[in-house]
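Below are the chains, spelled out letter by letter.
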Amino acid sequence: MTIGLSTLVALIGVVLGARVQRLAKFIYPTDFMTLLICGLCLLDYAFQLLPLDKYWYLPLLFGYGTGYLVVGRTSYVMIQTMSLGNKNISTDPWVIWEEEGRMFTQEQSNLALLRRLLFGVKHELYSNAPLNDEWTLMVKVPMLPLINKPMVFAESVQTTSRLVHTFWRFHAKQCTTEIILAYAGMVSKAQLSQDESYLQEMQQQNTNLVAAVHELRGQQGPMLMEMALKLEQKITSTAPVNRMFDLIKRNPKLKKEEEDGNEETANETES
């Protein structure tokens, strides 16, 4: 009899936990409804407010936890973002669901849960592509098992908020998030493989060009030195008169005066 009643109480806890979890859309049992149920059980256990045996709380809470974490478990999507300025890579679980063709996410906070349940204020989500978790996150930390989770690689995540009217003079904050997926998170694996081969080919060409530039610089060094020595020898071997003649010949102003003087001399000779 006791085993049967314990099983029945545990099944009631399973159904209750699954319903609360599906309503709260929390990953862990930290919502205010779960905390309220646990608080009432502890209060009655301490002060014996109800005419119940304390033993029945054990199968009830066990069934509640099983129903919350196993039966009514909410699916989530791991979204990875990168901040180059902070040198930070962040991966967070997002509980996402669709309703009437629109996408929403549940923040894992009781304040956001209260806004949604009491006032219908939901956190809407926009994305430039479907959030398909086709990438795989693999992390191995010493003394812990290997983490192997599918994820979505996002280029940026921007969240904005505004105040909306609820009733009378009360307002609530409504958040909206825009997710911009990276190029690698939107194309197929075949396209990524093709792009990877193109990238490797371009990198090889770049490496060859850099090597050729270094080789040309190495060859030009001795050639420029040889040309500088030849110019210095030519300048040294040139007589001062010849150098002055070259200077006058290259000066356009003096050259023009010389030409004008030659024309005047020719005119006088004709006269």
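Now for a look at the structure at hand.

Rules and cut-offs
Residues numbered from 1 in each chain as written. Predicted model: local features only at pLDDT ≥ 70, side-chain atom pairs only at ≥ 80, totals over all residues. Heavy atoms only, no water. Axes fitted to C-alpha atoms, helices over the stretch in contact; angles between N-to-C directions. Helix = DSSP H or I, 4+ residues; strand = E, 2+ residues; numbered from the N terminus. Parallel < 35°, antiparallel > 145°, perpendicular 65-115°, else oblique. Contact = heavy atoms within 4.5 Å. Nonpolar A, V, L, I, M, F, W, Y, C, P; charged D, E, K, R; others polar. Core = buried A, V, L, I, M, F, W, Y, C linked by side-chain atoms within 4.5 Å. Buried < 20%, exposed > 50% of the residue type's maximum accessible area, 1.4 Å probe, protein only. 1 Å grid on protein atoms, 1.4 Å probe; cavity = no way out; pocket = protein on both sides within 12 Å on 5 of 7 lines; lining within 4 Å. Points joined across faces, edges and corners; volume = space filled by probe spheres on them. Pairing = 2+ DSSP bridges.

### Focus: the packing of helix α2 (residues 32-47) against helix α3 (residues 57-71)
Interhelical geometry of α2 versus α3 gives an angle of 170° and a closest axis separation of 12 Å. Accordingly, the angle class assigned to the pair α2 and α3 is roughly antiparallel. Facing α2, whose interface residues are T34, I37, C41, D44 and Y45, α3 presents Y57, L60, L61, Y64 and Y68. Considering only residue class, the contact of α2 with α3 consists of eight nonpolar, one polar and one charged.

### Some details on the nonpolar core
Judged by nonpolar contacts, V77, I79, W94, I96, M103, L125, A129, L131, V152, A154, I179 and L181 together constitute the single largest core of twelve residues. Only β1 (77-83), β2 (88-99), β6 (147-167) and β7 (170-181) provide two or more residues apiece to this core. With sequence-adjacent residues up to four places away left out, V152 is seen in contact with V77, M78, I79, Q80, L131, N132, D133 and L181. Listed in part, the seven residues of the second largest apolar core include V20, F26, Y68 and L113.

### Remarks on empty space enclosed by the protein
Applying the stated criterion to the full structure yields one cavity of 30 Å³ or more. Estimated volume of the largest cavity: approximately 90 Å³. E107, A112, V121, K122 and H123 are the residues nearest the centre of the largest cavity, which is lined by 13 residues in total. Within the residue set of the lining of the largest cavity, elements represented by two or more residues are β3 (102-106), α4 (110-119) and β7. By residue class, the composition of the lining of the largest cavity is four nonpolar, four polar and five charged.

### Overview of the packing of α2 against α4
Interhelical geometry of α2 versus α4 gives an angle of 105° and a closest axis separation of 10 Å. As summarised for this structure, α2 and α4 are arranged roughly perpendicular, according to the angle between their axes. For the pair α2 and α4, the contacting residues are F32, M33 and L35 in the first and N110, L113, L114 and L117 in the second. Residue composition of the contact of α2 with α4, by class: six nonpolar, one polar and no charged.

### Section: the pairing of β3
Looking along a regular strand, one sees the side chains alternate between the two faces of the sheet. Summarising burial for β3: four of the five residues are buried, a large majority. Between β2 and β3, which follow one another and run antiparallel, lie two residues, and E100 among them has a positive phi close to 55°. Looking at chain direction, β3 and strand β4 (residues 123-127) are connected through three bridges and run antiparallel. Across the sheet, the residue bridging to M103 is L125, located in β4.

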